[in-house]
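Residues per chain, in single letters:
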Amino acid sequence: MKYLANLLNSSEILDEKRIPSELYGRLLGDMQRLMVLCPAITSYGCASQSEIVLVYCALNYTSEHNGENITVAQAAKHLGAQMSSVSRTLRSLTQKGYVERYSDPNDRRTVRIKVTQAGENELKKVLRHIFSLIDKAMCDFSDEEIKMMIELHGRFVNAISNAVLSERRTDKCLRSKT
């Protein structure tokens, strides 16, 4: 963390700082700690972290699109992943019996992903474990603190998402002009 603290105190990566350097350091440190813990948390079951995320993505898409199953290309886009990575993860999920791949009847070139009951059960097992950990972590927080955390977390995630999307749009516009 000393490297990050030195960078934050210089003007090397931040020209204007509206937010105290300590917050940047804490957020990055917390993100790093959570990323290190993520594989341990999500690998509670038989599926890897990337497999659980893909199963969740597929089930979420299906529930939001009136039962329509997600395509491999849509899954890659939603996850911000390369098609080759998604295909590799799908091979593993298929071997484990957690998903089935099939050609779209309207377009044989398009491959869709259907989560099996075993895949949904695996996701539920991991989610139960994650929710149990969250419950344990939050037991010392008051109801008021939990409400405040929910509100602030939602605002932060929306703000960072909007910042990333805005940056992507700007980058895309700049690339198209060259």
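What you see as residue numbers is a count from 1 along each chain, following the sequence as written. Since the coordinates come from a predicted model, pLDDT governs what is reported: local features require at least 70, and pairs of side-chain atoms require 80 or more to be given and counted, while whole-chain, interface and lining totals use all residues. Only hydrogens and water are removed before side-chain values are computed, so all heavy atoms of the structure are retained for them.

1. A short note on the environment of Cys46
Right, so step 1: Strands are runs of DSSP state E lasting at least 2 residues, helices are runs of H or I lasting at least 4, and numbering of each runs from the N terminus. Inspection of the secondary structure puts Cys46 in the loop between helix 2 (21-42) and helix 3 (49-64).
Right, so step 2: Type-normalised accessible area, obtained with a 1.4 Å probe on protein chains alone, sets the label of each residue: buried when under 20%, exposed when over 50%, and partly exposed for intermediate values. For Cys46, a relative accessible area of 53% corresponds to the exposed category.
Right, so step 3: C-alpha of Cys46 to C-alpha of Glu122: the two residues are 76 residues apart in sequence and 7.4 Å apart in space.
Right, so step 4: By definition in these notes, contact holds between two residues if any of their heavy atoms fall within 4.5 Å. Once residues lying within four places of it in the same chain are set aside, the contact partners of Cys46 are Glu51, Lys96, Tyr98, Glu122 and Lys125.

2. A few points about the confidence of the model for the chain
Right, so step 1: Every residue is assigned a pLDDT by the predictor, reflecting its confidence on a scale from 0 to 100. The predicted model of the chain averages 82 in pLDDT, with 75% of residues at 70 or higher.
Right, so step 2: The secondary structure element of the chain with the lowest average pLDDT is helix 1 (residues 2-9), at 56, and the one with the highest is strand 1 (residues 99-104), at 96.

3. Digging into the packing of helix 3 against helix 4 (residues 72-79)
Right, so step 1: Only the stretch in contact is used when a helix axis is fitted, and all axes are lines through C-alpha atoms; the angle between N-to-C directions ranges over 0 to 180 degrees. The interhelical angle for the contact between helix 3 and helix 4, taken along N-to-C directions, is 110°, at an axis separation of 10 Å. Here helix 3 lies roughly perpendicular to helix 4, going by the angle between them. Helix 3 and helix 4 meet at a crossing whose hand is right-handed. Across the interface between the two elements, Val53, Leu54, Cys57 and Tyr61 from helix 3 touch Gln74, Ala75, His78 and Leu79 from helix 4.
Right, so step 2: Three classes are used, and their members are as follows: Ala, Val, Leu, Ile, Met, Phe, Trp, Tyr, Cys and Pro are nonpolar, Asp, Glu, Lys and Arg are charged, and the others, Gly among them, are polar. Taken together, the residues that form the contact of helix 3 with helix 4 break down as 6 nonpolar, 2 polar and no charged. Roughly parallel means an angle under 35 degrees; roughly antiparallel, over 145; roughly perpendicular, 65 to 115; everything else is oblique. Handedness of a crossing follows from how the near helix is turned relative to the far one, being left-handed for an anticlockwise turn of less than a right angle and right-handed for a clockwise one.

4. Considerations on the side chain of Thr89
Right, so step 1: When you line up the elements, Thr89 lands in helix 5 (residues 83-96).
Right, so step 2: When neighbours within four sequence positions are excluded, Thr89 is seen to be in contact with Ser50, Glu51 and Leu54.

5. Observations regarding the packing of helix 4 against helix 5
Right, so step 1: Viewed as axis vectors pointing N to C, helix 4 and helix 5 meet at an angle of 115°, and their least axial separation amounts to 9 Å. On the basis of their axis angle, the class for helix 4 and helix 5 is roughly perpendicular. Seen from above, helix 4 lies across helix 5 with right-handed handedness. On the side of helix 4, the interface is formed by Val72, Ala73, Ala75 and Ala76, while helix 5 contributes Met83, Val86, Ser87 and Leu90.
Right, so step 2: Partitioned by chemical class, the residues of the contact of helix 4 with helix 5 number 7 nonpolar, 1 polar and no charged.

6. Let's talk about helix 4
Right, so step 1: Of all the residues in helix 4, the buried ones are Val72, Ala75 and Ala76. The buried residues of helix 4 occupy one face: seen down the axis, they fall within an arc of 100°. Relative to its buried face, helix 4 has exposed residues pointing more than 90 degrees away, namely Lys77 and His78.
Right, so step 2: The inward-facing, buried residues of helix 4 contact helix 3, helix 5 and strand 2 (107-115). Arc definition: directions from the helix axis to the C-beta atoms.

7. So, unusual backbone geometry
Right, so step 1: One non-glycine residue with positive phi stands out, namely Asn66, at about 50°.
Right, so step 2: Here Asn66 shows up in the loop between helix 3 and helix 4.
Right, so step 3: Overall, the relative accessible area of 80% leaves Asn66 in the exposed class.

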